[in-house]
Amino acid sequence: MKRVSSHVSMASEAEINLDLSRLIIDRPQRFTLERKRSFDEQSWSELSHSHSHRNNDGFDSVLQSPAFPSAGGFDSPFSIGTHFGGGGPHPLVNEAWEALRKSVVYFREQPVGTIAAVDHASEEVLNYDQVFVRDFVPSALAFLMNNETDIVKNFLLKTLHLQSSEKMVDRFKLGAGAMPASFKVDRNKNRNTETLVADFGESAIGRVAPVDSGFWWIILLRAYTKYTGDVSLSESPDCQKCMRLILNLCLSEGFDTFPTLLCTDGCSMIDRRMGIYGYPIEIQALFYMALRCALQMLKPEGEGKDFIEKIGQRLHALTYHMRNYFWLDFHQLNNIYRYKTEEYSHTAVNKFNVIPDSIPDWVFDFMPCRGGYFLGNVSPAMMDFRWFALGNCIAIVSSLATPEQSVAIMDLIEEKWDELVGEMPLKICYPALENHEWRIITGCDPKNTRWSYHNGGSWPVLLWLLTAACIKTGRPQMAKRAIELAESRLLKDGWPEYYDGKLGRFVGKQARKFQTWSIAGYLVARMMLEDPSTLMMISMEEDRPVKPTMRRSASWNA
């Protein structure tokens, strides 16, 4: 496949202008794309051939390729199994659906989510028997793709109502917009009652409230609306208020000089101390995507009008900041390597006063001539050069990354396949923290030892995000290769939560079996590759730059 240059010049402020009127008009509509047939060998070769003879045009170029027929309307569900060729459904698909359905949680006889894991072999249940907001997202997408929308709607409504619960952690009250990390169904057999009990972080490792739960909720609400065409849910007073409360926490004015969100360790998928304190890429990418989703769903009247204006201002600054200061490719790495320090005033090139000697040695070998990625973190005197999977994939799906940056991220994954994918997709971050660095940054965390868990472990759930990024950038063969790798191990190993080792060869030392999002992540990846049009539920289109409005000066007619 053709590669384009990964050198992405620093974007000027004019290039980052967002056409807000176009974004607001682009509200979710009835998702009536035709069920696409599975790829056959000819389709794959045609797609590869057609892509190799033109520059990448993003998701549109994929849908216009010979592999995908024209749009129409949805037909049959996916639960009968999906397949890439004409050989019938893969046996793993039916096994995955059976396992996913066993994880469904019911509240007053209505499905409201899926528990984190159904590991009967484990002696300790801990909180794996709860419904986690972030964990349920791939399950929700799988159910939506299978035309099972009730469980997703029920989940959105139940978590919405839990938002209004009293949120206290050691006598300290959380903000009104905080969404729960998880919830469980408390059944009182004596009284024959059922109650939903939410956890806002008061029971979590480190007692950290999740920042990402609210963002995932908004993203899932848009996906539901995009798929069903049912705008009555997103436009209901409760959902409108829920979005405004979430956004109010993020858009409030304070002492910040950056448009990014300042976060503590443990506030996202990486829920333990891993040195992501500051402005982690995962949160910034989800923040960007949630802002864009909310912009499409907020009603432009009353309080919604004020929030739409605030979102527009924040997106303008956030886009510029992320695309310029978080982006790293060979050219930018060379610039940082040559930085001067102690620069003052607005003319400073090294705006964050990063000391070149702080660049870790591994980066110079890791960075190919073609390729790039968004840094893990950027703050005063600190750049976290680690590569994080979720943040970079969300950057592609949400179009936080420009088309050129998206191609560069995929170039990097392709070039560094053994390091980032190995024998089990996908590394949550790279490289692992080791020795003294591990002791200082993780606090000697026995679970986050090198190449394990969040410290360089491989997480099958990330397969769906990798697949989404592959499809959007016109590289379905990469996704197919990753899915086939996962299929060779997942069922045999009992759907583990994560894998250990540099190549992801070993089942994680403390990994739960029958981890629900490992199951759902595989299903979503396979169904998405079977029918790439389903990506539109989650994908955002590129914000095309608009020229500034030219106005005559007062002296024009003088």
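This text goes with the structure placed above it.
On a predicted model such as this, the values are computed, not experimentally measured, just so you know.

### Remarks on the pattern of salt bridges
In step 1: Counted under the stated rule, the structure contains 15 salt bridges.
In step 2: Among the salt bridges present, the one from R187 reaches E194, with a minimum N-O distance of 3.0 Å.
In step 3: Under the relative-accessibility criterion, R187 is labelled partly exposed at 46%.
In step 4: Judged by its relative accessible area of 21%, E194 falls in the partly exposed class.
In step 5: R386 is the partner of D384 in a salt bridge, and the nearest nitrogen-oxygen pair spans 2.7 Å.
In step 6: Each of D411, E414 and R475 takes part in a single network of salt bridges with overlapping partners.

### Quick word on the environment of N455
In step 1: Relative to the helices and strands, N455 is located in the loop between α17 (435–442) and α18 (463–472).
In step 2: In sequence terms N455 and E434 are 21 residues apart; their C-alpha atoms lie 9.0 Å from each other.
In step 3: A distance of 3.4 Å separates a polar atom in the side chain of N455 from the backbone oxygen of T449.

### What about the packing of aromatic side chains?
In step 1: In total, this model carries 20 aromatic pairs according to the counting rule given.
In step 2: On the basis of an interplanar angle of 80 degrees and a centroid distance of 5.5 Å, the ring pair of F258 and Y279 is categorised as edge-to-face. Remark: Y279 occurs in the loop between α9 (237–251) and α10 (281–297) and F258 occurs in the loop between α9 and α10; sequence separation between them is 21 residues.
In step 3: Pairing Y430 with W451 gives two aromatic rings, centres 5.8 Å apart and planes at 45 degrees, and the pair type is tilted. Here Y430, found in strand β13 (residues 429–430), pairs with W451, found in the loop between α17 and α18; they are 21 residues apart in sequence, far enough to count as distant. Neither residue differs from the other here; Y430 and W451 are each classed as buried.
In step 4: Through pairs of rings, three or more aromatic residues link up here, namely F258, Y279, Y320, Y325 and F352.

### Considerations on the nonpolar core
In step 1: Formed by 168 residues in total, the largest nonpolar core has its most connected members in W217, I218, W387, I413, L462, W464 and Y522.
In step 2: A per-element tally of this core places α10 first, with 13 residues.
In step 3: Beyond its immediate chain neighbours, meaning those up to four positions away, W387 contacts F366, Y373, N392, L412, I413, L420, L426, K427, I428, C429 and Y430.

### Description of the sheet that holds strand β3 (residues 131–132)
Where strands meet in a sheet, backbone hydrogen bonds hold them as pairs that are either parallel or antiparallel.
In step 1: One open sheet accounts for 3 strands, arranged β3-β6-β7; its pairing is antiparallel. Two strands close off the open sheet at either side, each with one partner strand: β3 and β7 (193–199).
In step 2: Of the pairings in the sheet, the one linking strand β6 (residues 182–188) to β7 comprises 7 bridges and is antiparallel in character. Bridge pairing in β7 links N188 to T193.

Analysis parameters
- Residues numbered from 1 in each chain as written.
- Predicted model: local features only at pLDDT ≥ 70, side-chain atom pairs only at ≥ 80, totals over all residues.
- Heavy atoms only, no water.
- Salt bridge = Lys/Arg side-chain N within 4 Å of Asp/Glu carboxyl O.
- Buried < 20%, exposed > 50% of the residue type's maximum accessible area, 1.4 Å probe, protein only.
- Helix = DSSP H or I, 4+ residues; strand = E, 2+ residues; numbered from the N terminus.
- Polar contact = N/O pair within 3.5 Å; in protein donor to acceptor, adjacent residues only side chain to side chain.
- Phe/Tyr/Trp six-rings, centres within 6.5 Å; stacked < 30°, edge-to-face > 60°.
- Core = buried A, V, L, I, M, F, W, Y, C linked by side-chain atoms within 4.5 Å.
- Contact = heavy atoms within 4.5 Å.
- Pairing = 2+ DSSP bridges.

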